[in-house]
Amino acid sequence: MPNITVEMLSGRTMDQRRDFVAAVTEAAVDILKARRESVRIVFWEIEKSDVANGGTLESDK
């Protein structure tokens, strides 16, 4: 059973999540030969104030 963990900045819509899980599930089925019902995807949302790139908080951009 593939367990896929996704870390991303908060703010994505439910439609974006639906499209993402459909595409990633399809890839796991095609490439890994996993059963569709066995593909598990978990989202971890990170606030922009909790991430910095190049010395600048994402929330300050």
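Right above here is the structure, for reference.
Now for a description of the structure that goes with this document. Predicted model, so just to flag it, every value in this text is computed and none were measured.

**Quick look at the side chain of S38**
Along the polypeptide, S38 turns up in the loop between helix 1 (14–32) and strand 2 (40–46). By relative accessible area, S38 is classed as buried at 11%. With residues near it in sequence (within four places) discarded, S38 still touches M1 and P2.

**Examining the nonpolar core**
Among the nonpolar cores identified, the biggest contains seven residues, and these are V6, M8, V24, A28, A34, V39 and I41. Going through the elements one at a time, strand 1 (3–9) and helix 1 are the ones with two or more residues in this core. Setting aside its immediate chain neighbours within four residues, V6 contacts F20, I41, V42, F43 and W44.

Parameters and conventions
Residues numbered from 1 in each chain as written. Predicted model: local features only at pLDDT ≥ 70, side-chain atom pairs only at ≥ 80, totals over all residues. Heavy atoms only, no water. Helix = DSSP H or I, 4+ residues; strand = E, 2+ residues; numbered from the N terminus. Buried < 20%, exposed > 50% of the residue type's maximum accessible area, 1.4 Å probe, protein only. Contact = heavy atoms within 4.5 Å. Core = buried A, V, L, I, M, F, W, Y, C linked by side-chain atoms within 4.5 Å.

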